[in-house]
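# Residue-level structure breakdown
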Amino acid sequence: MKYGVMRPGHVQIRVLDMDEAVKHYCDLMGLIEMDRDDQGRVYLKAWTEVDKYSVILSPSDSAGMDFMSFKVVSEEALDRLRGRLLEHAVEIEEIPAGELKDCGRRIRFKAPTGHTFELFASKAQTGKWGVSNTNPEAWPRDLKGMAVVRYDHCLLYGPDVPATTKLFTEVLGFELAERVIAPDESETLIGSFMSVGMKAHDIAFIENPQPNQFHHSSYFLETWEDVLKAADLISMTDTPIDIGPTRHGLTNGRTIYFFDPSGNRTEVFAGGNYTYPDHEPITWTADQLGKAIFYHDRELNERFLTVTT
């Protein structure tokens, strides 16, 4: 949190059929619907999150991600980060308070990979869902489906991962937790997994010639047994599955991937590495990418590498 970025704040995901999308994210995954707006957007949160929402579903004729936003510690920090972006010749757009429901002003910019990001400091807080802030119970008893704990991160594909990594680490204050490099003398950076706290990662990028590709949004579960329950629910609901349950080598999470009705990939996972600013980045070479992504099989799923929205 060197320059004030705290955590992922929200992601806006484009969906083709809102009713089916709400069933996927709420009934299957266990996110909670919090609001809707006059643009037809639906605002969701996981039960442990104190902000009003962390996932926004936006009606569209194409799937993918509109933007990912990070919350910063204060309005003053937001101004400082705005200045840092301008000092490093990053074009910004100022989005006024209220464009998203109950959210303050946002500073929008594009990364070299072509993805749109935002920073904001203020959002209405509703507290944990179904749990008091005084003498709280362990968990709400009316959660649905997988009962995901929080929105955790996104993985994105696009060009110029080295420049994007430099933007996030040198300008925004992220730490490089794990990386993938070319298995030759160039050691070119082709994948970066970055964190603003102790988590394995808050944002990740993989090199790809096509810009602005959305690989997946990811949601945290507490245990391996929860991941296995998620797999059961995916099968019970005939939800298209991508891979898993399995373990990552890279980040060390226990994971399963599946698709929403619009074709956007979703991950739920448990566990994972932790990182501190004094940790050296963990390095994987691209010739070991099978082991890095699917530790048990040690073989790449071609669909996992090529299907994006």
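As shown above, the structure is provided for reference.
Report follows, based on the coordinates. (Residues numbered from 1 in each chain as written. Predicted model: local features only at pLDDT ≥ 70, side-chain atom pairs only at ≥ 80, totals over all residues. Heavy atoms only, no water.)

### What to know about helix α3 (residues 161–171)
Spacing of three or four residues puts side chains on the same side of an α-helix, whose turn is 3.6 residues. Among all positions in α3, only Val-161, Thr-164, Thr-165, Leu-167, Phe-168, Thr-169 and Val-171 are buried. N-capping of α3 is provided by Asp-160, with a side-chain oxygen placed 3.2 Å from the backbone N of Ala-163. (Buried < 20%, exposed > 50% of the residue type's maximum accessible area, 1.4 Å probe, protein only. Helix = DSSP H or I, 4+ residues; strand = E, 2+ residues; numbered from the N terminus. Polar contact = N/O pair within 3.5 Å; in protein donor to acceptor, adjacent residues only side chain to side chain.)

### Points about the nonpolar core
The biggest cluster of nonpolar side chains holds 61 residues, and the ones touching the most others in it are Leu-57, Phe-117, Leu-119, Met-146, Phe-168, Ile-203 and Tyr-219. Per-element accounting of this core gives the leading share, six residues, to helix α1 (residues 18–28). With sequence-adjacent residues up to four places away left out, Phe-168 is seen in contact with Phe-70, Ala-111, Phe-117, Gly-173, Phe-174, Met-194, Ile-203 and Phe-205. Residues Val-180, Ala-204, Ile-206 and Trp-284 belong to the second largest nonpolar core, which totals eight residues. (Core = buried A, V, L, I, M, F, W, Y, C linked by side-chain atoms within 4.5 Å. Contact = heavy atoms within 4.5 Å.)

### Points about the environment of Ala-147
Within the secondary structure, Ala-147 sits in the loop between β8 (116–120) and β9 (150–158). Along the chain, Ala-147 and Phe-220 lie 73 residues apart, while their C-alpha atoms are 9.5 Å from each other. Not counting the four nearest positions on each side in its chain, Ala-147 is found in contact with Met-29, Gly-30, Trp-47 and Leu-221.

### What to know about the pairing of strand β7 (residues 106–110)
The buried fraction of β7 amounts to four of the five residues, a majority that puts the element mostly inside the structure. Note that strand β6 (residues 92–95) and β7 share four bridges and pair antiparallel. Bridge assignment links Glu-94 to a residue of β7, and that residue is Ile-107. Taken together, the five bridges between β7 and β8 define a ladder with antiparallel strand orientation. Its bridge partner lying in β8, Arg-108 is registered against Glu-118. The loop that links β7 with its antiparallel partner β8 comprises five residues; one of these, Gly-114, has a positive phi angle of about 95°. (Pairing = 2+ DSSP bridges.)

### Some remarks on the packing of aromatic side chains
Tallying each qualifying case throughout the model produces 12 aromatic pairs. Aromatic pair Phe-70 and Phe-168: ring centres 6.2 Å apart, planes at 70°, arrangement edge-to-face. You can see Phe-70 sitting in strand β5 (residues 64–72) and its partner Phe-168 sitting in helix α3, a full 98 residues away along the chain. Just as Phe-70 is buried, Phe-168 falls in that class too. Pairing Phe-117 with Phe-205 gives two aromatic rings, centres 6.0 Å apart and planes at 70°, and the pair type is edge-to-face. On the criterion of sequence distance, the pair formed by Phe-117 in strand β8 and Phe-205 in strand β12 (residues 203–207) is long-range, its members being 88 residues apart. Among the residues examined, Phe-205 registers a relative accessible area of 0% and is labelled buried. Pairwise contacts between aromatic rings join Phe-70, Phe-109, Phe-117, Phe-168, Phe-174 and Phe-205 into one cluster. Against the face of Tyr-3 rests Arg-84, its NZ or CZ located 3.8 Å from the ring centre. (Phe/Tyr/Trp six-rings, centres within 6.5 Å; stacked < 30°, edge-to-face > 60°. Lys NZ or Arg CZ within 6 Å of the ring centre and 35° of its normal.)

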